[in-house]
Amino acid sequence: MKAREAIEAVAKHRGEAVAVCALGMAANEWWAVTKGEDAFYMHGAMGFAASFALGLALSLLDAPIWLINSDGSLCMNLGCLLTEASQAPKNLKHFVIDNQVYQTVGGLPMVNQGRTDYAAIARGAGIPRARTIASLGELEKAMPAIAAEDGPSFTHLQVEAETGFLGTPPMTYEGPEMKYRFGRALEKRFGITVFGPQGY
Amino acid sequence: MPAIRESGGIMSVNESIHEQLKKAGVTLAASLPDDWVASLIKRIAADNTMRHVSVAREAEAITICSGAFFGGVRSVALMGATGLLTCTGELATLNLRHQIPVFLIVSQRGSIDDHRIYQEVQGRRTIPLLQAYDFPYHIVNKPDEISSIPDAYETSRLQKRPFVLFLTRKLVKGDGA
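Summary of the structure given here. Only a predicted model underlies this, so the values are computations on that prediction, with no experimental measurement involved. (Residues numbered from 1 in each chain as written. Chains lettered and ligands numbered in written order. Predicted model: local features only at pLDDT ≥ 70, side-chain atom pairs only at ≥ 80, totals over all residues. Heavy atoms only, no water.)

## Let's talk about the overall build of chain A
- Of regular secondary structure, chain A possesses eight helices and eight strands.
- Sequence separation of 24 or more characterises 71% of the internal contacts of chain A that already satisfy a separation of 6 or more.
- Surface summary for chain A: the accessible area is close to 8,000 Å², and the carbon and sulfur share equals 53%.
- Of the side-chain charges in chain A, 17 are positive and 20 negative, and the distance between the mean point of each set is 3 Å. (Helix = DSSP H or I, 4+ residues; strand = E, 2+ residues; numbered from the N terminus. Contact = heavy atoms within 4.5 Å. Areas by Shrake-Rupley, 256 points an atom, 1.4 Å probe, with all protein chains shown as cover. Lys, Arg positive; Asp, Glu negative; His and termini not counted. Charge placed at Lys NZ, Arg CZ, Asp CG, Glu CD.)

## Here we look at the overall build of chain B
- Counting its regular elements, chain B contains eight helices and six strands.
- Written out in order from the N terminus, the α and β elements of chain B read α-β-α-β-α-β-α-α-β-α-β-α-β-α.
- For chain B, whose C-alpha radius of gyration is 15 Å, the value lies close to the compact-globule estimate of 16 Å for 177 residues.
- Reported as C-alpha extents along the three principal axes, the dimensions of chain B are approximately 45 × 40 × 30 Å.
- Burial analysis of chain B (177 residues in total) assigns 54% to the buried set.
- When contacts within chain B are restricted to residue pairs at least 6 apart in sequence, those whose partners lie at least 24 apart make up 76%.
- Carbon and sulfur atoms provide 52% of the accessible area of chain B, an area that totals close to 7,500 Å².
- Distance between charge centroids for chain B: 3 Å, based on 20 positive and 18 negative side chains. (Rg over C-alpha atoms; globule rule 2.2 N^0.38 Å. Buried < 20%, exposed > 50% of the residue type's maximum accessible area, 1.4 Å probe, protein only.)

## Observations concerning the packing of helix α3 (residues 49-59) of chain A against helix α3 (residues 58-70) of chain B
- With their axes 6 Å apart at the nearest point, α3(A) and α3(B) run at an angle of 45 degrees to one another. Between α3(A) and α3(B), the interaxial angle falls into the category oblique. As for the relative orientation of α3(A) and α3(B), their crossing is right-handed in sense. Packed against α3(A), whose contacting residues are A:Ser51, A:Phe52, A:Leu54, A:Gly55, A:Leu56 and A:Ser59, the element α3(B) presents B:Glu60, B:Thr63, B:Ile64, B:Ser66, B:Gly67, B:Ala68 and B:Phe70 at the interface.
- When grouped by side-chain class, the residues that make up the contact of α3(A) with α3(B) number six nonpolar, six polar and one charged. (Axes fitted to C-alpha atoms, helices over the stretch in contact; angles between N-to-C directions. Parallel < 35°, antiparallel > 145°, perpendicular 65-115°, else oblique. Left-handed = near helix turned anticlockwise from the far one by under 90°. Nonpolar A, V, L, I, M, F, W, Y, C, P; charged D, E, K, R; others polar.)

## Examining the pattern of salt bridges
All names here are of chain A.
- Applying the stated criterion across every chain yields a total of 16 salt bridges over all chains.
- Salt-bridge contacts for Glu160 lead to Lys2; the nearest nitrogen and oxygen are separated by 3.2 Å. In this pair, Glu160 sits in the loop between β8 (153-158) and α8 (175-190) while Lys2 sits in the segment before α1 (3-12), placing the two residues 158 residues apart along the sequence.
- Of the residues examined, Glu160 reaches a relative accessible area of 39% and is grouped as partly exposed.
- A relative accessible area of 36% places Lys2 in the partly exposed class. (Salt bridge = Lys/Arg side-chain N within 4 Å of Asp/Glu carboxyl O.)

## Focus: the nonpolar core
- Counting residues in each nonpolar core, the largest one holds 97 residues, and the members touching the most others are A:Trp30, A:Tyr41 and B:Phe70.
- Discounting residues that sit within four places of it in the chain, A:Tyr41 has contacts with A:Cys21, A:Ala27, A:Trp30, A:Trp31, A:Thr34, A:Gly36, A:Met171, A:Tyr173, A:Met178 and B:His98.
- Formed by 24 residues, the second largest nonpolar core is a distinct cluster that contains B:Val13, B:Ile17, B:Phe163 and B:Leu167. (Core = buried A, V, L, I, M, F, W, Y, C linked by side-chain atoms within 4.5 Å.)

## A closer look at the pairing of strand β6 (residues 162-167) of chain B
Residues and elements named next belong to chain B.
- Most of β6 sits inside the fold, with six of its six residues counted as buried.
- The alternating pattern of β6 places Pro162, Val164 and Phe166 and Phe163, Leu165 and Leu167 on opposite faces, both of which are buried.
- Two strands pair when backbone bridges link them, and strand β4 (residues 102-107) and β6 are joined in this way by six bridges, in the parallel orientation. In the strand pairing of β6, Phe103 is matched with Phe163.
- Alignment of strand β5 (residues 137-140) against β6, held across four bridges, turns out to be parallel. Counterpart to Val140 in the pairing with β6 is Leu167. (Pairing = 2+ DSSP bridges.)

## Notes on α1(A)
- All of the buried residues along α1(A) are A:Ala3, A:Ala6, A:Ile7, A:Ala9, A:Val10 and A:Ala11.
- The inward-facing, buried residues of α1(A) abut α2 (25-34), β3 (65-70), β4 (92-98), α7 (136-148) and β8 of chain A.

## Points about the interface of chain A and chain B
- Each partner contributes residues to the interface: chain A has 35 residues there, and chain B has 32 residues.
- Of the roughly 2,700 Å² buried at the junction of chain A and chain B (both faces included), carbon and sulfur atoms supply 62%.
- Sorting the residues of chain A by area buried against chain B places A:Phe48, A:Lys179 and A:Tyr200 first, and these three jointly supply 24% of that buried surface.
- Here chain A and chain B share one salt bridge between them.
- With a shortest N-O distance of 2.7 Å, B:Arg97 and A:Glu174 are connected by a salt bridge.
- Where chain A packs against chain B, one counts 10 residue pairs in polar contact (both at pLDDT 80 or more). (Buried area = accessible area lost by both parts, 1.4 Å probe. Polar contact = N/O pair within 3.5 Å; in protein donor to acceptor, adjacent residues only side chain to side chain.)

See below:
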């Protein structure tokens with residue numbers, strides 16, 4: 001399956017989930033498919049979408065938080081799996097789009113390309129609900145159960161390596177505007193206070 | 001003057017910092033220990049009104065606090081100066097880029113009274129580095145300065161960027177230690 005197909009299959013079952021997307025391919029593809037403003041699209045801090053999502057999940061315990069991670073980002077911060085396991089948030093689901101290349105920056109191969117069992121690493125870290133899915137049919141069949149299960153869960157999605165420039169444009173806003181659009185969307189949806197009375 | 005408990009008696013430094021964090025509305029703390037802040041972390045971890053998250057790398061603490069910001073939760077990242085140096089990339093590309101405030105309490109290692117060779121560079125270069133990024137900081141050197149924490153926290157929110165509150169050796173270890 002292609003990355004876009006995997007993202008579409010996951011997004012179809014997101015329901016009310018708030019997404020946090022790793023920078024690059026994961027963020028661009030999630031935006032292309034959902035156009036969702038109730039998602040945070042990382043533009044930096046590569047590797048730390050997972051930790052950002054964990055902080056959000058621990059703060060909004062009743063909100064489903066879906067992390068759309070990538071293999072390159074996960075490998076920059078594998079320790080996030082230990083932290084995730086130790087906190088065991090029931091509302092957090094971790095998806096990893098594994099295209100085996102650094103697609104956004106030229107398609108060069110991932111370190112240890114094709115030999116890493118990310119689901120085994122997640123299980124080893126203490127996340128028992130971890131699996132690898134390598135075909136679109138299998139993913140479409142599995143998604144209802146994945147969407148319904150308690151977190152923390154870890155779903156490794158093996159997609160085709162697309163080494164050419166995908167050309168998927170990033171979201172049409174950035175920086176502070178992303179902060180305010182995301183924060184205001186969460187305030188509206190959950191009745192929480194992110195910004196104070198003077199707007200900061 | 002050290003803080004006095006409502007029930008009488010003098011508060012310890014860690015007790016005062018913990019109390020001031022609560023006064024600032026902090027309910028989540030993410031940490032990786034340095035030996036100067038270890039006892040403060042232990043104290044906070046034992047407080048069941050505050051969610052404590054142990055992390056494997058300091059930048060996790062920064063980004064967990066950033067996520068918590070959007071959940072409407074006030075948080076603190078606790079670490080040593082060495083850890084702070086490891087997360088300047090994340091502080092710049094996430095917090096500075098998106099103007100996301102994050103409040104850090106950091107041991108001010110490498111000071112003139114910290115005679116550990118592996119803390120020497122931290123002592124010389126941490127503050128110039130913060131100045132280069134234009135990250136505000138405040139140094140707490142005496143027990144009666146701990147009450148500045150709620151103001152420092154508010155400044156972090158107001159300036160919409162990382163704010164580092166340094167704890168000196170004199171504060172956390174005392175004069176004679």
